[in-house]
Amino acid sequence: MTHMHVAGSVHADVAAAGPQWLTLPDDVNALDPALWSGSAGRGHDGIVDVAGVSVTDLLAEYGSPLYVLDEADFRQRARTFRDAFAGWDVYYAGKAFLTRTVASWIDEEGLCLDTCTGGELITALQGGMDPARIGLHGNNKSIDELKLALSVGVGRIIVDSLDEITRIEKLCRETGWHARVMVRVTAGVEAHTHEYIATAHEDQKFGFSITNGAAMVAMVRCHTSDVIDLQGIHSHIGSQIFDTAGFEVAARRTMKLLEQFRQATGTALPELDLGGGFGIAYTNQDSPATVESLAASLREIVTLEARGRGLEVPHISLEPGRAIVGPTTMALYTVGTVKPVDLDTGAQRIYVSVDGGMSDNIRPALYAAEYSAVIANRASTVTPVLCRIVGKHCEAGDILVRDVYLPGDVSPGDVIAVPGAGAYSRSMASNYNHVPRPAVVRVGIGDHPDTSVLLRRESIDDLLSLDPGPVTSEVQWP
Ligand SMILES: *Cc1c(COP(=O)(O)O)cnc(C)c1O
């Protein structure tokens, strides 16, 4: 093994290259409980473990890179939402991460499930979810997707355009089916988060505008249809949101719309969905509200709004994805190379290259998302240095963790663990550079080793099987 020895005088310069929020950790080996799943820890041997299984054993059995999902932690977070919002419906947003097994957990824990494509819908159905507890989203649902949803009788289709309403009516007339729908509205709220994941300001593809009257038109259209049962309205204001201010504005505007609809039609719609977007801690700069305090403020906001408008409090639903699955999962990588790079400022940055990258986590490249990381196969007493963890792809933007302190002896062969990798990592993964996607492994409940595959690792042969040829050489992948 080669070791990086960074001279003492370099430390201050290297630190100067980091962002202001990133402070030198007191203990570079510690796992901040706000970031990691409930049963993750570091054993006496210095190796990180989860539910009693060490990361080195997991990598030996399942290969690297690997996502490791803590089932007990997943179920606990699902129950926390269910209980905090008792009397309301919690729809797990399957787009964050969904397999048949995950759908079965959601079913067992008594939550509902949101899907936004036919692929997600069929996964939820095959996982055993009751169709009545499934929602179907999407701004451009295909005929096949709508047919599947209507034929199994999903609880709600969240409609997003007049074209879609026409398509649903036509399908229903042809088949005798009936559609339960909610109208997706844009509440004109810009959530305090990165631009590309804020979805309720006006200039984006989702929803009907409340401001220009389009929402009311769509609602009346559904209400007056003989084959559509309009249940209510839906608003999703963004993702990775830390406070309730945005939800408060959205609740006020949607409740006002419900009041106007009642004035116009005499009908009080029974349902309001306030969407998802509850933030989680990816680094120690993030401090999300607890689910309990979130629930208390949302209840208060909605109750006050209803009272002020002389409306019954509607039946509320929410759609957390990231906040349930995000912290349950760590991504494990193996270090391949360690390279000091001189910066213009004269400082140095240590580039740590791992065996995955933007194909298994696109969020840093797509949203400038921040992550943290630790060396997971050993504890180290060597002074931390500022590092950048990068992937193996042919792209300079292939960054996994932009800035993190790792022990100065970080070396090829070390295992890097990244917490908070459960949401939008595997689900957004690609095969860029013909890189097969990693496996997702579940670690069980309790201290006895209990692991199983939620999604198997792709092989090069899986990728080649999509390519019809011609094959003019007998060479095989080793
Ligand atoms: C993405 C999305 C969610 C889930 O967002 P999270 O940030 O994972 O909580 C919920 N509802 C809708 C409509 C979405 O598009």
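Before reading further, recall that the structure is shown in the block above.
Residues numbered from 1 in each chain as written. Predicted model: local features only at pLDDT ≥ 70, side-chain atom pairs only at ≥ 80, totals over all residues. Heavy atoms only, no water.

Student: Any details on the pairing of strand β13 (residues 315–318)? Residues and values, ideally.
Tutor: Within a regular beta strand, the side chains point alternately toward one face of the sheet and then the other, so they alternate between its two faces. Across two bridges, the pairing between strand β5 (residues 89–93) and β13 is parallel. Directly across from valine 90, in β13, lies its bridge partner leucine 318. Sheet analysis places strand β12 (residues 271–273) next to β13, joined by three bridges and oriented parallel. For glutamate 271, the partnering residue across the bridge sits in β13 and is histidine 315. In this region the chain leaves β12, passes through helix α10 (residues 291–309) and returns to the parallel neighbour β13; the handedness of that crossover is right-handed. (Pairing = 2+ DSSP bridges. Helix = DSSP H or I, 4+ residues; strand = E, 2+ residues; numbered from the N terminus. Right-handed = clockwise from strand over helix to strand, strands pointing away.)

Student: So what about the side chain of histidine 137? Which residues, and what values?
Tutor: As for its position among the elements, histidine 137 is in the loop between β7 (134–136) and α6 (143–152). Engagement of the side chain of histidine 137 in a polar contact is seen with the side chain of glutamate 319, the distance being 2.9 Å. In contact with histidine 137, other than residues within four places in its own chain, are Asp114, Thr115, Cys116, Ile158, Arg184, His234 and Glu319. (Polar contact = N/O pair within 3.5 Å; in protein donor to acceptor, adjacent residues only side chain to side chain. Contact = heavy atoms within 4.5 Å.)

Student: Tell me about the site of the ligand, residues and numbers included.
Tutor: With respect to spatial proximity, 15 residues lie near the ligand, and among them Lys95, Ser239, Glu319, Arg322 and Tyr424 are the closest. In this structure, glycine 277 approaches the ligand through a main-chain N or O atom, which is 2.8 Å from an oxygen atom. Expressed as a share of its isolated accessible area of 390 Å², the protein-covered part of the ligand is 93%. Its residues assigned to classes, the shell around the ligand comprises four nonpolar, seven polar and four charged. (Near = heavy atom within 4 Å. Areas by Shrake-Rupley, 256 points an atom, 1.4 Å probe, with all protein chains shown as cover. Nonpolar A, V, L, I, M, F, W, Y, C, P; charged D, E, K, R; others polar.)

Student: Could you give an account of the environment of methionine 129, naming the residues involved and the relevant values?
Tutor: Within the secondary structure layout, methionine 129 lies in the loop between α5 (118–126) and β7. Using a relative accessible area of 3% as the deciding quantity, one classes methionine 129 as buried. Along the sequence, methionine 129 and proline 288 sit 159 residues apart, while their C-alpha atoms lie 30 Å from each other. Residues within four places of methionine 129 in sequence aside, it is in contact with Ala103, Ile106, Asp107, Leu111, Cys112, Leu113, Ala124 and Ile134. (Buried < 20%, exposed > 50% of the residue type's maximum accessible area, 1.4 Å probe, protein only.)

Student: Tell me what's going on with empty space enclosed by the protein, and back it up with residues and numbers.
Tutor: Within this structure, the stated rule accounts for one cavity of 30 Å³ or more. Its boundaries defined by the atoms lining it, the largest cavity holds a volume of some 40 Å³. Lining the largest cavity are Tyr67, Leu69, Phe97, Thr329, Ala421, Gly422, Arg426 and Val440. (1 Å grid on protein atoms, 1.4 Å probe; cavity = no way out; pocket = protein on both sides within 12 Å on 5 of 7 lines; lining within 4 Å. Points joined across faces, edges and corners; volume = space filled by probe spheres on them.)

Student: Go over the packing of aromatic side chains, please, and point to the residues and values.
Tutor: Under the defined criterion, the tally for this structure stands at seven aromatic pairs. Measuring from ring centre to ring centre gives 5.6 Å for phenylalanine 74 and tyrosine 92, while their planes differ by 75°; the resulting arrangement is edge-to-face. Here tyrosine 92 lies in strand β5 and phenylalanine 74 lies in helix α3 (residues 71–84), a separation of 18 residues in the sequence. Since its relative accessible area comes to 0%, tyrosine 92 is described here as buried. Counting every residue linked through ring pairs, the aromatic cluster contains Phe81, Phe85, Trp88, Phe247 and Phe278. In this structure, arginine 184 is placed above the aromatic ring of phenylalanine 206, and the distance from its NZ or CZ to the ring centre is 4.4 Å. Against the face of tryptophan 88 rests arginine 299, its NZ or CZ located 4.8 Å from the ring centre. (Phe/Tyr/Trp six-rings, centres within 6.5 Å; stacked < 30°, edge-to-face > 60°. Lys NZ or Arg CZ within 6 Å of the ring centre and 35° of its normal.)

Student: Residues and numbers for helix α8 (residues 214–223), please.
Tutor: Residues of α8 that are buried: Ala215, Met216, Ala218, Met219 and Cys222. Looking straight down α8, one finds that the buried residues subtend no more than 165° of arc, so they occupy a single side. The secondary structure elements touched by the buried residues of α8 are β8 (156–159), α7 (162–175), β9 (179–186), β10 (208–209), β11 (228–234) and α9 (245–265). (Arc of directions from axis to C-beta.)

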